[in-house]
Amino acid sequence: MKKSVTLIMGKIYNPETDRVEFGSKNFKTIVQTVRDFNEAKEYVLKFVEEGVEDFELCGAFGKDKARELIELTEHKVGISYVVTDEDMKPLVDEFYTFGKKK
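Residues numbered from 1 in each chain as written. Predicted model: local features only at pLDDT ≥ 70, side-chain atom pairs only at ≥ 80, totals over all residues. Heavy atoms only, no water.

K.L.:
How should the nonpolar core be read in this particular structure?
P.N.:
Most often, soluble globular proteins keep nonpolar side chains buried together rather than apart. Leu7, Phe55 and Phe61 are the most contacted members of the largest nonpolar core, which totals 20 residues. Considering every element that reaches this core, the biggest residue donor is helix H1 (residues 37-49), with 5 residues. If sequence neighbours within four positions are ignored, phenylalanine 61 has contacts with Leu7, Met9, Val34, Phe37, Ala40, Ala66 and Leu69. (Core = buried A, V, L, I, M, F, W, Y, C linked by side-chain atoms within 4.5 Å. Buried < 20%, exposed > 50% of the residue type's maximum accessible area, 1.4 Å probe, protein only. Helix = DSSP H or I, 4+ residues; strand = E, 2+ residues; numbered from the N terminus. Contact = heavy atoms within 4.5 Å.)

And the structure:
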């Protein structure tokens, strides 16, 4: 069975309860939250041990943290991350700061 994980990072989440799994007999998708990057690393290693071969990272990770996870997993699994076009960045930033100016 192929397994894929989407990681969403934010301090507002509880990884034990804020997660979901769905799929078919041949494919499973897991949406897993984490509170910070250290927690993300722990979950990625755990999921790799469980046979996950693909990770999608939310925009909070960015290129540098994605590269760190690629190195952590020794380039053995697929890891990609969300990128926001520059013209959308103000709206996305406002949404994730709950309308507060940075």
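On we go.
K.L.:
Looking at this structure, how should I read the environment of arginine 67?
P.N.:
By the element assignment, arginine 67 lies in helix H2 (residues 62-72). Along the sequence, arginine 67 and leucine 7 sit 60 residues apart, while their C-alpha atoms lie 15 Å from each other.

K.L.:
Whenever I open this one, the pattern of salt bridges confuses me. Can you help?
P.N.:
Side chains carrying opposite charge are able to pair once their charged atoms draw close together. With the rule as written, the count across this model stands at 6 salt bridges. A salt bridge links glutamate 21 to arginine 19, with the nearest nitrogen and oxygen atoms 3.0 Å apart. Among the charged side chains, a salt-bridge network with shared partners connects Arg19, Glu21 and Lys28. (Salt bridge = Lys/Arg side-chain N within 4 Å of Asp/Glu carboxyl O.)

K.L.:
Looking at this structure, I do not really get the packing of aromatic side chains. What am I missing?
P.N.:
Here the structure, examined in full by the defined rule, presents 2 aromatic pairs. Consider the rings of phenylalanine 37 and phenylalanine 61, whose centres lie 6.3 Å apart with planes at 70°: the pair is edge-to-face. Taken together, the residues phenylalanine 37 in helix H1 and phenylalanine 61 in the loop between strand E4 (54-57) and H2 connect sequence positions 24 residues apart. When sorted by exposure, phenylalanine 37 lands in the same class as phenylalanine 61, which is buried. Relative to phenylalanine 47, the ring of tyrosine 43 lies with its centre 6.0 Å away and its plane at 35°, an arrangement referred to as tilted. Note that tyrosine 43 and phenylalanine 47 are positioned in helix H1 at a spacing of 4 residues, about one turn of the helix. Tyrosine 43 gets classed as buried once you look at its relative accessible area, which sits at 17%. The exposure class assigned to phenylalanine 47 is buried, which follows from its relative accessible area of 1%. If you follow lysine 46 out to its NZ or CZ, it ends over the ring of phenylalanine 47, 4.5 Å from the centre. Its guanidinium or amino end placed over the ring of phenylalanine 37, lysine 65 lies 5.5 Å from that ring's centre, counting from NZ or CZ. (Phe/Tyr/Trp six-rings, centres within 6.5 Å; stacked < 30°, edge-to-face > 60°. Lys NZ or Arg CZ within 6 Å of the ring centre and 35° of its normal.)

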